[in-house]
Amino acid sequence: MNLSRHSADADLRARARRVIPGGMWGHQSVARIPADYPQFFSRGQGCRLWDADGREYIDFMCAWGPMVLGYGDPDVEAAAEAQRRRGNGLNGPTERLVELAELMVETVPHADWAMFQKNGADATTTCVVIARAATERRKVLVARGAYHGAVPWCTPYPIGATAEDRVHVVPYDYNDVASLTAAVESVRGDLAGVIVSAFKHDYGKHHEMPTPAFAQAARALCDTNGAALIVDDVRAGFRLHIGGSWELVGIRPDLAAWSKAIANGRALAAVTGNDRFREGAAKIFVTGSFWTEAVPMAAAIATIGKLRATDGIGQMRRMGERLRDGLARQAAAHGVRIRQSGPPQMPVVFFDDDPERKKGWFFCTEALKRGVYLHAAHTMFLSAAHGEADIDQALQATDAAMAEVARQFG
Ligand code: PMP
């Protein structure tokens, strides 16, 4: 593939460089995209997407998570379109707000109430504000390497932020009870909350589910200290368990942050909480011009309803397992050593002896050339629109890509 000449993608990059600082911000800036990856896309359907040059891919990023039922899901689109005809942004919310809050309370066991925002960072930040308002304390414990958004209190790239922005943020190590306990001890009397990712899904690292011992210790430490246990379910929410990811370890948080998959690609985030934090949540002032938009809420009601009615999560898990098993077989057949981690529906695949991810990106690029969109460092995502035929077609491409890795790296 050659994107450098006469391609729509190259033209868009050139135009973007003139009118957008750096051509693009964040993780989608050209500086962070491998050389042969397209930056611009034109459309998506089911588990497939097309780049600006019309090339088709079986997609294992799902718009970085939101696409949980597949691009253009007909039921979600019908619900969104019906609401669009009636109105989206009005002087205040519509009935959809109450319906969606009722649905979240019914679906999520820890939730006695829900509030809605736009982005994941709105939700994680709102959780922290509620925890501080309710406890009248300052310190928040955050796992080293965890991602909770690109805002000053927690961004992993703090250029433009100050040390003071995170003066009350205290680090601990995920899945390490001793480290969490020590961090709690260090702030005793001033602990507002502990924020935990749904599972350890740090960029470029093997993924790890929370151990029962860690989850239980987090719950117990928050209880004995009167602090909020906050689960950041922005990335994993509605992919691992319909009631929230920590249902899998049998621990219920006080507050949870949701976004990505909640509305199958429409902009929406949520905070759910229990009655202990209802008053704190009622007294803070948070808002946004678009936080009451009705179309994303109609989409969320349809998305959650369909996930529940169709066992969408089971489908994603089975397809993720099919992909994982196929990749494991291919790696063994080609004599390439890989390690796969994360839940099957949110995998990462790393090659052994590949500290700079050269093999990883080489493999992904070879798969891309053959119509499969993978990522070598970030959590990937399955959707309920991935079927057996899609996985098998993708595996044909990865088999050839794996052969190229064996040839290139021995
Ligand atoms: N928390 C987690 C676990 C995330 O994965 C992300 C986004 N990747 C966020 C928070 C922030 O979400 P957003 O980018 O929508 O602000």
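The structure presented is a predicted model; accordingly, all values stated were derived computationally and were not measured.

1. Re the domain arrangement of the protein
Assigned domains within the protein: domain 1 (8-71 + 311-409) and domain 2 (74-309). When each unit is reduced to the centre of its C-alpha atoms, the spacing between domain 1 and domain 2 is 27 Å. In this complex, domain 1 contributes 27 residues to the contact, which on the side of domain 2 involves 25 residues. At the boundary of domain 1 with domain 2, total buried surface from both sides reaches about 2,300 Å², with 62% on carbon and sulfur atoms. Among the residues of domain 1 in contact with domain 2, Leu69, Ile313 and Met346 are the three that bury the most area, contributing 25% of the side total. Run the count over domain 1 and domain 2 and you get 0 salt bridges. Linking domain 1 with domain 2 are 15 residue pairs in polar contact (both at pLDDT 80 or more), by the criterion used here. Mapped by element, the contributors of at least two residues to the side of domain 1 that touches domain 2 are helix H9 (312-334), strand E11 (338-341) and strand E12 (348-351). Looking at the side of domain 1 that touches domain 2 element by element, the count peaks at 3 residues for H9. Counted by class, the side of domain 1 that touches domain 2 contains 15 nonpolar, 9 polar and 3 charged residues.

2. Examining the pattern of salt bridges
Applying the stated criterion across every chain yields a total of 32 salt bridges. When the shortest N-O distance is used, the salt bridge between Glu356 and Lys358 registers 3.2 Å. For Lys358, a relative accessible area of 53% corresponds to the exposed category. Put simply, Glu366 and Lys369 hold a salt bridge, and the shortest N to O gap is 2.8 Å. Within this pair, Glu366 and its partner Lys369 are both found in helix H10 (residues 358-369), separated by 3 residues, close to a single helical turn. The class of Glu366 is buried, set by a relative accessible area of 8%. Look at Lys369 and you get partly exposed, because its relative accessible area is 43%.

3. Some thoughts on the site of the ligand
Every residue lining the ligand is accounted for by Asn119, Gly120, Ala121, Tyr147, His148, Gly149, His201, Asp232, Val234, Arg235 and Lys260. One nitrogen or oxygen atom from the main chain of Ala121 is found 2.8 Å from an oxygen atom belonging to the ligand. One nitrogen or oxygen atom from the side chain of Lys260 is found 3.3 Å from a nitrogen atom belonging to the ligand. When the free accessible area of the ligand is taken as 390 Å², the share hidden by the protein chains comes to 83%. When the residues that make up the shell around the ligand are grouped by side-chain class, the tally is 3 nonpolar, 5 polar and 3 charged.

4. With respect to the pairing of strand E10 (residues 269-273)
Along any regular strand, the residues point their side chains to alternate faces of the sheet. Along E10, 5 of the 5 residues are buried, which leaves the element largely enclosed by surrounding structure. Alternating residues of E10 divide into Ala269, Val271 and Gly273 and Ala270 and Thr272, and every residue in both groups is buried. Two elements, strand E9 (residues 255-258) and E10, share 4 bridges in a ladder whose sense is antiparallel. Its bridge partner being in E10, Ala256 is matched across the sheet by Thr272.

Quick notes on the rules
- Residues numbered from 1 in each chain as written.
- Predicted model: local features only at pLDDT ≥ 70, side-chain atom pairs only at ≥ 80, totals over all residues.
- Heavy atoms only, no water.
- Domains from an automatic or database assignment.
- Contact = heavy atoms within 4.5 Å.
- Buried area = accessible area lost by both parts, 1.4 Å probe.
- Salt bridge = Lys/Arg side-chain N within 4 Å of Asp/Glu carboxyl O.
- Polar contact = N/O pair within 3.5 Å; in protein donor to acceptor, adjacent residues only side chain to side chain.
- Helix = DSSP H or I, 4+ residues; strand = E, 2+ residues; numbered from the N terminus.
- Nonpolar A, V, L, I, M, F, W, Y, C, P; charged D, E, K, R; others polar.
- Buried < 20%, exposed > 50% of the residue type's maximum accessible area, 1.4 Å probe, protein only.
- Near = heavy atom within 4 Å.
- Areas by Shrake-Rupley, 256 points an atom, 1.4 Å probe, with all protein chains shown as cover.
- Pairing = 2+ DSSP bridges.

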